[in-house]
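Secondary and tertiary structure notes
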Amino acid sequence: MTSQGNSVADAKASGTFAIGGDMPVNRLGYGAMRITGKGIWGEPQDIEGAKKVLRRAVELGVNFIDTADSYGPEVSERLIGEALAPYPQGVVIATKAGLTRQGPDRWLPVARPEYLQQEVEMSLRRLKVERIDLWQLHRIDPKVPVEESLGVIKMLQEQGKIRHVGLSEVKPHEIDQARKVIEIVSVQNQYNISDRRHEDVLEYCEKNNLAFIPWFPVAAGKLTQPGGALDEAAKRHNATVSQLSLAWLLHRSPVMLPIPGTSSVEHLEENVGAASVKLSDTEWKEIEAAAK
């Protein structure tokens, strides 16, 4: 049954995962990048509408919301704080720093310790929290040793300003390097059924019980076109292609925490409906074969 059937979509149907072993979340989350302006720059066209999406996500059982200081910049974090603080019990807000903005669709890594420290302090203020549940290094800065970037984060963690730490767009050897400095509980890489270049990272996460947070979780390309494997299976199950993409991620691994983003309540409800889409192992194998 999907959100298009008679049941109400609920993220609880996606099962749970305990980030860092002590922070349980429903596995289907929400990525708050899209509640900003065009090019992830500036204010959204409809500020109240963006807040409505955030509140609706929590109503639908979503208790893992992912954002970053660079979304807007600052806009996404501020809207989350305005819409949801004080946060309902069990709601986990993850944020990131380490990418700077030079304009719409422009991103440059900066992970100097003093800059990251400033951004953590600003994130705390905008999100209206005293401690960030999950802080992630948005990118390793090629100009700064990762030990330096994470050294200041460890200090902030010891001060009680950060609970858990994750990484984004990394390979296994980089995770190993980071873990020598600080405990790492999650990795956020681009991943979906039609883009599986980070399969090695997912396997690393499974082995070490780290959360794997796939960004760009909805498949694209020939797989999703009318008559394609995903499209055909979606029709059979009264689901949409994006619901099936998300359902596959949930099926693929117990450490997977997909965070589809949208600025529309209707699309949000459709995405959350993916938590209830179930296919047989045979059907998934056929889709995976078609995706190769």
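So, a few notes on the structure that sits alongside this text.

**Points about the layout of surface pockets**
Approximately 520 Å³ is the volume found for the largest pocket. Surrounding the largest pocket, 23 residues form its lining, M33, R34, W215, F216 and P217 being those nearest its centre. When the residues that make up the lining of the largest pocket are grouped by side-chain class, the tally is eleven nonpolar, eight polar and four charged. Empty space within the second largest pocket amounts to approximately 160 Å³.

**Concerning the pattern of salt bridges**
Close approach of charged atoms allows side chains with opposite charge to pair. For the structure shown, the criterion picks out 20 salt bridges. Between D10 and K12 there is a salt bridge; the shortest N-O distance is 3.7 Å. A relative accessible area of 26% places D10 in the partly exposed class. Look at the salt bridges and you will find they share partners, linking E43, E48, K51, R78 and E82 into a network.

**Overview of the sheet that holds strand β3 (residues 30-31)**
If you walk across this open sheet you meet the seven strands as β3-β4-β5-β8-β9-β10-β11, and the pairing is parallel. Edge positions in the open sheet fall to β3 and β11 (211-215), since each of these has one partner strand only. Across three bridges, the pairing between strand β4 (residues 64-66) and strand β5 (residues 92-97) is parallel. Pairing of F64 across the sheet is with V92, part of β5. This element, helix α3 (residues 113-127), spans β5, β8 (132-137) and β9 (162-168) of the sheet and lies at about 145° to β8.

**A few points about the packing of aromatic side chains**
Enumeration according to the criterion identifies three aromatic pairs in this entry. On the basis of an interplanar angle of 85° and a centroid distance of 6.2 Å, the ring pair of Y71 and W107 is categorised as edge-to-face. A residue pair is termed long-range when its members are at least 10 positions apart, and Y71 in the loop between β4 and α2 (75-84) and W107 in strand β7 (residues 106-109) qualify at 36 residues. Here the aromatic rings of Y191 and F212 are separated by 5.4 Å at their centres, their planes lie at 80°, and the arrangement is edge-to-face. Of this pair, Y191 sits in the loop between β10 (186-190) and α6 (199-208) while F212 sits in strand β11, and the two are 21 residues apart along the sequence. The residue whose ring lies beneath R101 is W107, and the NZ or CZ to ring-centre distance is 3.7 Å.

Conventions and cut-offs
- Residues numbered from 1 in each chain as written.
- Predicted model: local features only at pLDDT ≥ 70, side-chain atom pairs only at ≥ 80, totals over all residues.
- Heavy atoms only, no water.
- 1 Å grid on protein atoms, 1.4 Å probe; cavity = no way out; pocket = protein on both sides within 12 Å on 5 of 7 lines; lining within 4 Å.
- Points joined across faces, edges and corners; volume = space filled by probe spheres on them.
- Nonpolar A, V, L, I, M, F, W, Y, C, P; charged D, E, K, R; others polar.
- Salt bridge = Lys/Arg side-chain N within 4 Å of Asp/Glu carboxyl O.
- Buried < 20%, exposed > 50% of the residue type's maximum accessible area, 1.4 Å probe, protein only.
- Pairing = 2+ DSSP bridges.
- Helix = DSSP H or I, 4+ residues; strand = E, 2+ residues; numbered from the N terminus.
- Contact = heavy atoms within 4.5 Å.
- Axes fitted to C-alpha atoms, helices over the stretch in contact; angles between N-to-C directions.
- Phe/Tyr/Trp six-rings, centres within 6.5 Å; stacked < 30°, edge-to-face > 60°.
- Lys NZ or Arg CZ within 6 Å of the ring centre and 35° of its normal.

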